[in-house]
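Below, each chain spelled out in residue letters.
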Amino acid sequence: MDAHENMSQQRERTENYQLFQSLDQWFTAHGLSYQVHWTVREVVFHSVLEGSEPQALKILKDTVPVPRTSFYVENIDGRRHLTVRLPLAEPPRHRYGLHLALFVITFLTTVSCGAIYIGHPGVILHYGISGISSQMAGQPNSDWYTFLYLLSNGLCFSIPFLLILTCHEFGHFFASRKYGLSVTLPFYIPAPIGIGTFGAMIALRSPMVHRRCVFDVGAAGPLAGFVVALPVFWYGLTISPIDQFANHPGATYIEEGKSLLYLGMLWLTKGPLPSTHFVNLHHIAWAGWFGLFITALNLVPIGQLDGGHISYAMFGRGHERIAKLFFAMLVLMIPFWHSYILFVLLLFFLIRLKHPPAVEELIELDPVRYWLGWLCFLIFFLTFVPIPLEFVTG
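Residues numbered from 1 in each chain as written. Predicted model: local features only at pLDDT ≥ 70, side-chain atom pairs only at ≥ 80, totals over all residues. Heavy atoms only, no water.

All right, on to the sheet that holds strand β3 (residues 70-76) then. Taken in spatial order, the four strands make up an open sheet running β1-β2-β4-β3, and their pairing is antiparallel. Each edge of the open sheet is held by one strand with a lone partner, namely β1 (34-38) and β3. Neighbour-to-neighbour, the strand axes of this sheet turn through a mean angle of 20 degrees, independent of strand direction. The pairing of strand β2 (residues 42-49) with strand β4 (residues 79-87) spans eight bridges and is antiparallel. Within the sheet, the bridge partner assigned to His46 lies in β4 and is Thr83. (Pairing = 2+ DSSP bridges. Helix = DSSP H or I, 4+ residues; strand = E, 2+ residues; numbered from the N terminus. Axes fitted to C-alpha atoms, helices over the stretch in contact; angles between N-to-C directions.)

Quick look at the structure:
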């Protein structure tokens, strides 16, 4: 580290200390008690404003440079709550090129893997190279038509599935920005196998102020994703043909798990089916099915999963007992579907069972949020599948 960089950091620390002092003096001068929450990136001040404060807030904004500090005032149960966020360092900028590149790669991998339901992108790549080469030579062969068929199937899966995923993540994003939180755009995670992606995520860089903030950020994602996934799956199910096991003797195929919601929609769209028949899901239906399945996984009430946010916001410290109960249930389900072991390890070592506390834990949810919370848990029980996928021989 050179002398210039060292002096720059020293000057930044001095400026941060002066800003902290200015905020402390403002709260003291107006007789306001406040809470302080320190993180690596910022300091968060939270206080309840008393009486008429417009002039006082004007003085505060004149005292503290606005570009360095964000102010957020909200009404909660008839009282005005002030949150001031003081960055300790220059906030990282959005890496638009990286986000776009990951989205494009994920689009290509989901098209490739979705083309053959759940598979390897090498199949469509093989037909694509052979078919395009023959087309360019003016002698299109069967590989060209196979490639077009696979491409249309892949697009039917990829487009609606990524739409569900995007709505889910931007639900979190806009809810976070509502409270002035520092948050990244979605990072899409491509995968060369399976459905072509491991999902998407946003990185939250700011602590959440109170339990209503935790709830809004946690619930916005699954609710937004569910609103899109439901009609996608419904439409996909209506155009999915009914087949008979007798038509595929000895064939091995993937059988999807059927949630309570799936069973209800299946009965409404296809009526009662004899045990000798099955629904051959269209690629759009698969997109909706995976969208609903991912929504259910995110709503498991553990740690910092969406369900964990909702559980903590609704039940406070009581969420820990709920998290331990559901974690034990997942462990017991491993013998029935071995892939749950990966989910369990991820929960235990990375996501953790306990939800971190909000800056202000005493602010409880209003009745509307409680009803929305119960709606989220209802969605979880309606969409969760104990055994999501299994290979069956006809």
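Note that strand β5 (residues 187-190) and strand β6 (residues 197-201) share four bridges and pair antiparallel. Across the sheet, residue Tyr188 finds its bridge partner in β6, namely Ala200. Hairpin connection of β5 to β6: six residues between the antiparallel strands, including Gly194 at a positive phi of 65 degrees.

This brings us to the side chain of His319. Looking at the element boundaries, His319 is found in helix α10 (residues 319-333). Overall, the relative accessible area of 3% leaves His319 in the buried class. Separated by 2.7 Å, the side chain of His319 and the backbone oxygen of Gly316 make a polar contact. When residues no more than four places from it in sequence are discounted, the contact partners of His319 are Ser311, Tyr312, Leu353, Lys354 and His355. (Buried < 20%, exposed > 50% of the residue type's maximum accessible area, 1.4 Å probe, protein only. Polar contact = N/O pair within 3.5 Å; in protein donor to acceptor, adjacent residues only side chain to side chain. Contact = heavy atoms within 4.5 Å.)

Take the packing of helix α6 (residues 211-238) against helix α12 (residues 367-383) next. With their axes 10 Å apart at the nearest point, α6 and α12 run at an angle of 40 degrees to one another. Here α6 is positioned oblique relative to α12, judged by the angle of their axes. The way α6 lies across α12 gives a crossing that is left-handed. Residues Arg211, Arg212, Phe215, Asp216, Ala219, Leu223 and Phe226 of α6 pack against Arg369, Tyr370, Leu372, Gly373, Leu375, Cys376, Ile379 and Thr383 of α12. Of the residues belonging to the contact of α6 with α12, the class tally is nine nonpolar, two polar and four charged. (Parallel < 35°, antiparallel > 145°, perpendicular 65-115°, else oblique. Left-handed = near helix turned anticlockwise from the far one by under 90°. Nonpolar A, V, L, I, M, F, W, Y, C, P; charged D, E, K, R; others polar.)

Looking now at helix α8 (residues 283-298). A rise of 1.5 Å per residue sets the reference length of α8, with its 16 residues, at 22 Å; its end C-alpha atoms lie 23 Å apart and thus fit the reference within 8%. Most of α8 is tucked away, with 14 of its 16 residues classed as buried. (Expected span 1.5 Å × (residues − 1).)

A few words on unusual backbone geometry. Look at Arg352: it is not a glycine, yet its phi comes out positive at around 70 degrees. One can find Arg352 in the loop between α11 (340-351) and α12.

Another aspect to go through is α6. In this model, α6 (28 residues) spans 41 Å end to end at C-alpha, consistent with the 40 Å of a helix rising 1.5 Å per residue. Ala220 marks where α6 bends most, by close to 30 degrees; the proline Pro222 follows one to four residues later. (Bend = angle between axes of the 7 residues up to and from the residue.)

Let us now look at the packing of aromatic side chains. Enumeration over the complete set of coordinates arrives at 21 aromatic pairs. Ring geometry for Tyr34 versus Phe45: centroids 5.6 Å apart, planes at 50 degrees, classification tilted. Taken as a pair, Tyr34 in strand β1 and Phe45 in strand β2 lie far apart in primary sequence, 11 residues in all. Their ring planes at 35 degrees and their centres at 5.8 Å tell us that Phe170 and Phe174 sit as a pair that is tilted. Of this pair, Phe170 and Phe174 both sit in helix α5 (residues 142-178), separated by four residues, roughly a single helical turn. (Phe/Tyr/Trp six-rings, centres within 6.5 Å; stacked < 30°, edge-to-face > 60°.)

Below, the discussion takes up the side chain of Ser240. Mapping Ser240 onto the fold places it in the loop between α6 and β7 (242-244). A distance of 2.8 Å separates a polar atom in the side chain of Ser240 from the backbone nitrogen of His282. Ignoring any residue separated from it by four or fewer positions in sequence, one finds Ser240 in contact with Lys270, Val279, Asn280, Leu281, His282 and Ala285.

Let us now look at a nonpolar patch on the surface. A surface patch of nonpolar side chains, about 700 Å² in accessible area, is lined by Ile341, Leu342, Leu345, Leu346, Phe348, Phe349 and Leu350. The topology assignment puts Leu350 in helix α11. (Patch = residues over 30% accessible without salt bridge, like charges linked within 9 Å, V, L, I, M, F, W, Y side chains within 5 Å. Areas by Shrake-Rupley, 256 points an atom, 1.4 Å probe, with all protein chains shown as cover. Salt bridge = Lys/Arg side-chain N within 4 Å of Asp/Glu carboxyl O.)

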